[in-house]
Amino acid sequence: MSEGIGAPVKRKEDKRFITGAGRYTDDIKLENQAYAAFVRSPHAHANVKSIDKSAAEGMDGVLAVLDGKQLTGDGIGNIICGWAITSKDGSPMNMGAWSALATDKVRYVGDAVVAVIAETKAQAKEAAEAVVVEYEELPAAAHIDAALAGGAPQIHDNAPGNVIYDWEIGEKDPTEAAIAGAAHVTEMDITNNRLSPNAMEPRSAITKYDAAEDHYTLYTTSQNPHVARLVLSAFYAVAPEHKLRVIAPDVGGGFGSKIYIYPEEIVCLWAAMKTKRSIKWTADRTEAFLTDAHGRDHVTTAKMGFDASGNIVGFHVSTKANFGAYMSLFSSAVPTYLYATLLSGTYNIPNIYCEVLACYTNTVPIDAYRGAGRPEASYVVERMMETAAREMGKDPAELRRQNFINEFPHQTPVIMNYDSGDFEGNMNQAMEAADWAGFEARKAESAAHGKLRGIGMACYIEACGIAPSAAVGSLGAGVGLWESAEVRVNPVGTIEILTGSHSHGQGHETTFAQVVADRFGVPLDSVQIVHGDTDKVQFGMGTYGSRSGPVGMSAIVKALDKVEAKVKKIGAHLLEVTEADITIEDGQVKAQGTNKALGWHEIGLAAYTAHNLPPDMEPGLKEGAFYDPLNFTFPMGCFICEVEVDPETGKTEILKFVASDDFGVIINPMIVEGQVHGGIAQGVGQALLEEVVYDESGQQLSASYMDYTMPRADDVPSYDVLHHNTKCTTNPLGIKGCGEAGAIGSPPAVINAITNAIGNNDLSMPATPSKVWAALGAAKIAAE
Amino acid sequence: MHNTTYHKASSAAEAASLLSGADDGALLAGGQTLIPTMKQRLAAPSDLVDISGVAELKGISVSGSSVTIGAMTTHAEVASSAELRAVCPGLADLAGHIGDPAVRHRGTLGGSVANNDPAADYPAAMLALGATIKTNTREIAADDFFQSMFTTALDEGEMIVSVSFEAPEKGAYAKFPNPASRYAMCGVFVAKGAGGVRVAVTGAGDDGVFRSADMEAALSSNFAADALDGVTVSPNGMLSDIHGDAAYRANLVKVMAKRATAAA
Ligand SMILES: Cc1cc2nc3c(=O)[nH]c(=O)nc-3n(C[C@H](O)[C@H](O)[C@H](O)COP(=O)(O)OP(=O)(O)OC[C@H]3O[C@@H](n4cnc5c(N)ncnc54)[C@H](O)[C@@H]3O)c2cc1C
């Protein structure tokens, strides 16, 4: 079938995006609209001594100048983290208070202190500059080591030593014993660099308050409008859930950063009620750098033990994770259940132990960013495997092959139960496409023109389809992670799918429709995907963690099952055959073995006219379903990267990048390939280019594109994207998910290639020309 | 952006008088530096005097080896001038690698030289070519013009009209772009002309563009890349920032100088 599952159909949504007809939050203009501007802390850590609003209040166009005392006075609650993590000693995590407008203390540069509401954006900004905040500066801790050092500045009173939690997973003693008895132990210090998400569309909010109805509306750049509404109501007490409508219209990229509810949305909703005006705020790029939740920022020491024949016997990992100044919505889960549970990688590892020390610093909050925890895990595991192979004089591919998990289901020592895969199949496919065997000849060619060539591999695995509700509930999640769907067949036979997933670049309007087209043989254009509006769509959990395929589409499949059952009943009744004789194909309801058939639209019409339905059948054709996954899904793959380094400048060029992924069943190969391209570009960005840098006083030195290096077209190679898929056994479509894989598998592949080229394993991301040049110098000194 | 009053000048004289009549005015050339700075509210001129419509400030003229380029000539025009390329390909190549196409079609030589960004490309060329910067009141030698980063010999209200130089016998520019901004992390222009060899370095110094006497001496006796092998570039006086430390930049100075020499 040309438009069904597996067809590379063009994206339905692209017409409006590429013709400039997309409707993003900032495109919306409401009646009676005013603008908000925020006064932000220029200090990383300071007491707020006083706020003088008088000059600002008297300025042209100013409607209100609002501060944190007014906000808390009106009963607006603190921003929370929704996943409770328990420390080794059984104590709960230390969550410090986060008010949407700081009341007595600021904790990072960019912390919002005052909101100015004015008739125009320029007036709001002008008046914001006239607000005088008197600060008493405090010493700041901008980095993990500074925050955890004795005598470090205390960032939150209830987090002594700035520790949020000290958590562990796995069996400590057996792991240490296994490593102590190992024939070879590889030990590495590994840093995962801090990243800024940089969605193309900055965050934006526009709010409306209807005094007659006592009703609120929020248009915002969200990946999960229902979760936003829930949190805004239940925790921040901005408005009751039934009096708040949250709409996430077209959203230009999220990468995790638009999961969370930020101070600006809260303040704009509250200010709409206070001023009885609609209020718009859109971040400029500087605000995005200063306030969007960052990603990664781990420092890890890892030890991996091998027996004499190269089998892994134990893996011990100690990680320190930076949380920034406050705990963002899912922050606590990222370096724990989304990280340490993937430390078995694709390997049989009998003993794993991981401990994670989470700390506050005077920096922007850190939360999930494309991959969230899994890139950090894959980076640790895959750098360790590569380095271990080099140390033991083994071929890195063979060391991996020897340790691969080959039987499924496989229970790892760190919770996860892998359902399916053929790890060797992916590796073989990638090695062949990369001409792994011919590398030495190419290396000699590079050497002849003064360049250093290197090849590196990564065999990542990750967990998607987040997540079985009861399981995550037992691990501390404050929410369930199921998904919902409603299928509405209209009287004329067209179909609307209401989904709790949210598309912000993923192409759901196309792929979700393909699932329906595949099921009933109806034209793709007769299916409309409705999402992103809490007034239209039933409660849903949104899009992150590559869950829209495995979880969101599974909910649609469940609802389609119910529709199909009813259609068959109606068809059997009208065609006067038994239900078992009915088949649905090519948009027709057919009675098998006869030439009797009904057009799809005739079923819709019959359902809604209700003139002739089976006895006791309700009119209409609309079914809903909630799908709670049975397990995570486990996309995996083998990435091979080949680079050339210019030894004079340290500049790396990626010559070849092969990705062989196992994504289970693929709905639209073109869209999947796009997801892989984007993921690898972000992974290459992390490996070679991107890093948020803070100085010791907590000023961000990389808060513009003059200093933060986003990958450009000429930084990334032309990718070879291949598949060797095995079906996921735990969801109805057999989908594993593909949204984050590229970003998860590529950083170790790139770094393994560069370290191979330069002959020095001691290299951290981003491998900028200056760092690679320095590492080359160090390697030369070591050799002399 | 703060409020500002926009004027469009039709002659250099009108521009000068509009500027002197303004409270705190600024010339607007391509706007590629000034407008972003204003949008970030870091600059707030009371008046903008747009000189993009002033014909006498535009164009490239080559007579024999004498080259004059008007201040309002865009990077794209410099890059694509066949006349210029015939006598000084190094400068055309330099202009062709500034920013992106949008920047090259708006940004001007005069704006870049006036701004004297420590990582800009043109200052290295002007210094190495021994150019003369002509303003509405006088002529200034490049050696005197570029004083320190973002600082030039221009007086308040003084306007660059054009730059002139004698095309060198050999000349080329090698640039190592900053990974983020793609301005020069280190750019070296090497020129061998009637007045001898001149080597100018941008991007790497901690106080803007500078000439390297050691490299000039080495290349004067032997204009070949190898001649620079024996030159040691000290990290002292080099810029250290999040993109690279002084030692790395010192290394780049030598590597880029060798590449420019080889290309010249
Ligand atoms: C994305 C981007 C990338 C860039 N990359 C590079 C790069 O790789 N290399 C590089 O060198 N530059 C780069 N630039 C800067 C670019 O070359 C600018 O065009 C240049 O610095 C300024 O020229 P302009 O004509 O835009 O000047 P404007 O922005 O209009 O003016 C700059 C300053 O010069 C003054 N001025 C302008 N004309 C005159 C004059 N005739 N006399 C006296 N004062 C005058 C103005 O008042 C202002 O103070 C980049 C810019 C951008 C936006």
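Every chain is numbered independently, its residues counted from 1 as its sequence is written. By the order in which they are written, chains take letters starting at A while ligands take numbers starting at 1. For a predicted model such as this one, the threshold for reporting local features is a pLDDT of at least 70, and the threshold for listing and counting side-chain atom pairs is 80 or more; totals across whole chains, interfaces and linings nevertheless cover every residue. The side-chain quantities take in all heavy atoms of the structure and omit both hydrogens and water.

Novice: How do you make sense of the overall build of chain A when you look at a structure like this?
Specialist: Counting its regular elements, chain A contains 20 helices and 28 strands. Taking 2.2 N^0.38 as the reference for a compact globule, 784 residues should give roughly 28 Å; the C-alpha atoms of chain A span a radius of gyration of 27 Å, in line with that estimate. Viewed in the frame of its principal axes, chain A has a C-alpha envelope of about 90 × 75 × 55 Å. In chain A, which comprises 784 residues, the share counted as buried stands at 63%. By the convention used here, residues are in contact when the closest approach between their heavy atoms is within 4.5 Å. Residue pairs in contact within chain A that sit at least 24 positions apart in sequence constitute 80% of those at least 6 positions apart. Residue burial considers only the protein chains on display, and all accessible areas are found by Shrake-Rupley using a 1.4 Å probe. For chain A, the exposed surface amounts to about 26,900 Å²; the carbon and sulfur share of it is 51%. Taken as two groups, the 62 positive and 98 negative side-chain charges of chain A have centres that lie 4 Å from each other. Secondary structure elements are defined from DSSP: runs of H or I of at least 4 residues count as helices, runs of E of at least 2 residues count as strands, and each element is numbered from the N terminus. Here the radius of gyration uses the C-alpha set of atoms, whereas the globule reference equals 2.2 Å times the residue count to the power 0.38. Each residue is assigned to one of three classes by its accessible area relative to the maximum for its type, calculated with a 1.4 Å probe on protein chains only: buried under 20%, partly exposed between the two thresholds, exposed over 50%. Only four residue types enter the charge count: Lys and Arg as positive, Asp and Glu as negative, with His and the chain ends excluded. Think of each charge as sitting on NZ of Lys, CZ of Arg, CG of Asp or CD of Glu.

Novice: When you look at the packing of helix 10 (residues 374-392) of chain A against helix 19 (residues 741-758) of chain A in this model, what are you seeing that I'm missing?
Specialist: Relative placement of two packed helices is described by the angle separating their axes and the distance separating the axes. All names here are of chain A. Between helix 10 and helix 19, whose axes approach to 8 Å, the crossing angle comes to 30°. Classed by the angle they form, the pair helix 10 and helix 19 counts as roughly parallel. Taken as a pair, helix 10 and helix 19 cross one another with a handedness that is right-handed. Where helix 10 approaches helix 19, its residues R374, P375, S378, Y379, E382, R383, E386 and R390 are matched on the opposing element by A743, I744, G745, P747, P748, I751, N752, T755 and N756. Under this scheme, a helix contributes an axis fitted over its contacting stretch, all axes are lines through C-alpha atoms, and angles between N-to-C directions fall in the 0 to 180 degree range. Any angle from 65 to 115 degrees is called roughly perpendicular, while one under 35 is roughly parallel, one over 145 is roughly antiparallel, and all others are oblique. By definition, any crossing whose near helix is turned counterclockwise from its far helix by less than a right angle is left-handed, and any crossing with a clockwise turn is right-handed.

Novice: Whenever I open this one, the site of the ligand confuses me. Can you help?
Specialist: All names here are of chain B. Taken together, 28 residues sit near the ligand, with L27, G30, G31, Q32 and T108 positioned nearest. In this structure, H75 approaches the ligand through a side-chain N or O atom, which is 2.8 Å from an oxygen atom. Look at the ligand: alone it shows 970 Å² of surface, and the protein chains cover 88% of it. Elements that contribute at least two residues to the shell around the ligand include exactly strand 2 (25-28) and helix 7 (109-115). No other element matches helix 7, which puts three residues into the shell around the ligand. Three categories are distinguished: nonpolar for Ala, Val, Leu, Ile, Met, Phe, Trp, Tyr, Cys and Pro, charged for Asp, Glu, Lys and Arg, and polar for the others, with Gly belonging to the last. Considering only residue class, the shell around the ligand consists of 14 nonpolar, 10 polar and four charged. Start and end points for every domain follow an automatic or database-based domain assignment. Counting only domains with at least three residues in the shell around the ligand, you end up with domain 1 (5-50) and domain 2 (58-263). We call a residue near a given molecule or strand whenever any one of its heavy atoms falls within 4 Å of it. Counted as a polar contact is a pair of N or O atoms within 3.5 Å, where, for protein atoms, one must be capable of donating a hydrogen and the other of accepting one, and residues adjacent in sequence contribute only when both atoms are in side chains.

Novice: Explain the sheet that holds strand 19 (residues 483-489) of chain A here, please?
Specialist: For sheets, the rule is that strands pair by backbone hydrogen bonds, running either parallel or antiparallel. All names here are of chain A. Across the sheet, which stays open at both edges, the four strands sit in the order 21-20-19-25 with mixed pairing between neighbours. The outermost strands of the open sheet, each flanked by one partner alone, are strand 21 (527-530) and strand 25 (622-627). If you compare each strand with its neighbour and ignore which way they point, the axes differ by 15° on average. Bridging between strand 19 and strand 25 involves six bridges; their strand directions are antiparallel. The residue bridging A485 from the neighbouring strand is A625, located in strand 25. The sheet contacts of helix 15 (residues 508-520) involve strand 20 (495-499) and strand 21, and relative to strand 21 the element is tilted by about 135°. Strands in contact with helix 16 (residues 548-575) are strand 19, strand 20 and strand 25; relative to strand 25, the strand with the most contacts, it is inclined by about 145°. By definition, two strands form a pair when at least two bridges between them are found by DSSP.

Novice: Is there a simple way to think about a negative patch on the surface in this case?
Specialist: Residue and element names in this part refer to chain A. Patch building starts from residues that exceed 30% relative accessible area and form no salt bridge, then joins like charges within 9 Å and nonpolar side chains (Val, Leu, Ile, Met, Phe, Trp, Tyr) within 5 Å. Whenever a carboxyl oxygen of Asp or Glu lies within 4 Å of a side-chain nitrogen of Lys or Arg, that contact is scored as a salt bridge. A cluster of acidic residues, E168, E171, D173 and E176, forms a negative patch at the surface. Inspection of the secondary structure puts D173 in helix 6 (residues 172-180). Under the relative-accessibility criterion, D173 is labelled exposed at 57%.

Novice: Mind showing me how you'd approach the interface of chain A and chain B here?
Specialist: Bring the parts together and some accessible area is lost; that lost area is often taken as the interface size. Facing the 22 residues of chain A at the interface are 20 residues of chain B. Taken together, both faces of the contact between chain A and chain B bury some 1,800 Å²; the carbon and sulfur share is 54%. Applying the counting rule to chain A against chain B returns six salt bridges. Residue R182(B) pairs with D715(A) through a salt bridge whose shortest N-O separation is 3.2 Å. Our count for the contact surface shared by chain A and chain B stands at 14 residue pairs in polar contact (both at pLDDT 80 or more). At the level of secondary structure, the elements contributing two or more residues to the side of chain A that touches chain B comprise helix 4 (121-130) and helix 20 (769-783) of chain A. Two parts placed together each lose some accessible area; with a 1.4 Å probe, that loss summed over both constitutes the buried area.

Novice: What is the right way to look at the domain arrangement of chain A in this model?
Specialist: All names here are of chain A. Here chain A is partitioned into domain 1 (15-25 + 33-138 + 198-291), domain 2 (298-466 + 631-783) and domain 3 (482-627). On a C-alpha basis, the centres of domain 2 and domain 3 stand 40 Å from each other. For the interface between domain 2 and domain 3, the tally reads eight residue pairs in polar contact (both at pLDDT 80 or more). Considering only residue class, the side of domain 2 that touches domain 3 consists of eight nonpolar, eight polar and three charged.

Novice: What exactly am I supposed to notice about the packing of aromatic side chains here?
Specialist: How two aromatic rings sit relative to each other is set out by the distance from centre to centre and by the angle between their planes. Aromatic pairing here means that ring centres of Phe, Tyr or Trp (its six-membered ring) are within 6.5 Å. Orientation follows from the plane angle: under 30 degrees is stacked, over 60 is edge-to-face, and everything else is tilted. A full pass over the atoms with the stated rule returns 26 aromatic pairs over all chains. One residue, R203(A), lies across the ring of Y262(A), its end atom 3.6 Å from the ring centre. Here, over-ring charges are defined by two tests on the NZ atom of lysine or the CZ atom of arginine: distance to the ring centre within 6 Å, and angle to the ring normal within 35 degrees.

Novice: Mind showing me how you'd approach the pattern of salt bridges here?
Specialist: Pairing between side chains of opposite charge can happen when the charged atoms of each approach one another. All names here are of chain A. With the rule as written, the count across this model stands at 57 salt bridges over all chains. Where K280 meets D26, a salt bridge forms, and the shortest distance between an N and an O atom there is 3.8 Å. With K280 in strand 12 (residues 278-282) and D26 in the loop between helix 1 (14-18) and strand 1 (33-40), this pair connects stretches of sequence that are 254 residues apart. Take D26: its relative accessible area is 36%, and that puts it in the partly exposed class.

Novice: Would you mind showing me how to read the nonpolar core here?
Specialist: One broad trend across soluble globular proteins is that nonpolar side chains are buried collectively. Residues and elements named next belong to chain A. Core analysis: the biggest nonpolar cluster contains 181 residues, and F315, L343 and I754 have the highest contact counts within it. Here this core takes nine residues from helix 19, the largest share from any one element. For L343, the residues in contact, after removing those within four places along its chain, are F315, V317, I349, I352, C354, A377, V381 and V414. Ranked by size, the runner-up nonpolar core spans 46 residues in total, among them A513, V515, M553 and A625. Buried residues of nine kinds, namely Ala, Val, Leu, Ile, Met, Phe, Trp, Tyr and Cys, make up a nonpolar core once their side-chain atoms join them within 4.5 Å.

Novice: Quick question: what am I supposed to make of the state of the cysteines here?
Specialist: Working definition: the covalent bond between the sulfur atoms of two cysteines is a disulfide. Cysteine sulfurs are considered disulfide-paired once they come within 2.5 Å of each other. As enumerated under the stated definition, the model contains zero disulfides over all chains in all. C88(B) provides the cysteine sulfur closest to C186(B), a residue in no disulfide bond, and the two sulfurs are 19 Å apart.

Novice: Would you take a moment to explain helix 20 of chain A for this structure?
Specialist: Given 3.6 residues per helical turn, the α-helix brings residues three or four places apart onto the same face. With 15 residues, helix 20 of chain A should cover 21 Å at 1.5 Å per step; its first-to-last C-alpha distance of 21 Å lies within 8% of that length. Elements in contact with the buried residues of helix 20 of chain A: strand 18 (452-461), strand 26 (636-646), strand 27 (651-662) and helix 19 of chain A together with strand 11 (170-177) and helix 11 (246-263) of chain B. A helix is expected to reach a length of 1.5 Å times the quantity of its residues less one.

Novice: Which parts of the structure should I look at to understand the sheet that holds strand 7 (residues 163-170) of chain A?
Specialist: All names here are of chain A. If you walk across this open sheet you meet the five strands as 7-15-14-13-8, and the pairing is mixed. The open sheet terminates on both sides in strands that have one partner only, identified here as strand 7 and strand 8 (184-192). Taken over all neighbouring pairs, the strand axes of this sheet differ in orientation by 10° on average, direction set aside. Relative to strand 15 (residues 352-359), strand 7 runs antiparallel, the two sharing seven bridges. Each residue of the ladder has a partner; that of G170, found in strand 15, is Y353. Sitting on the sheet, helix 6 touches strand 7, strand 8, strand 13 (298-306), strand 14 (312-322) and strand 15, and the angle it makes with strand 14 is about 120°.

Novice: Got a minute to help me understand the domain arrangement of chain B in this structure?
Specialist: Residue and element names in this part refer to chain B. Splitting chain B by domain gives domain 1 (5-50) and domain 2 (58-263). The gap between the C-alpha centroids of domain 1 and domain 2 is 26 Å. Both sides of the domain 1 and domain 2 interface together cover about 750 Å² of buried area, and 67% of this is carbon and sulfur. It is A29, G30 and Q32 that lose the most area in domain 1 upon contact with domain 2, and together they represent 51% of the buried surface on that side. The interface formed by domain 1 and domain 2 includes zero salt bridges. For the side of domain 1 that touches domain 2, the leading source of residues is helix 1 (residues 12-21), giving four residues.

Novice: Hey, could you run me through the pairing of strand 27 of chain A in this one?
Specialist: The two faces of a sheet get side chains in turn, since along a regular strand they alternate between them. All names here are of chain A. With 11 bridges connecting them, strand 26 and strand 27 associate as antiparallel partners. Considered in strand 27, the bridge of F639 is made with A659. Hairpin connection of strand 26 to strand 27: four residues between the antiparallel strands, including G650 at a positive phi of 80°. Of the pairings in the sheet, the one linking strand 27 to strand 28 (residues 719-723) comprises five bridges and is parallel in character. Among the inter-strand pairings, D661 is bridged to a residue of strand 28, identified as H723.

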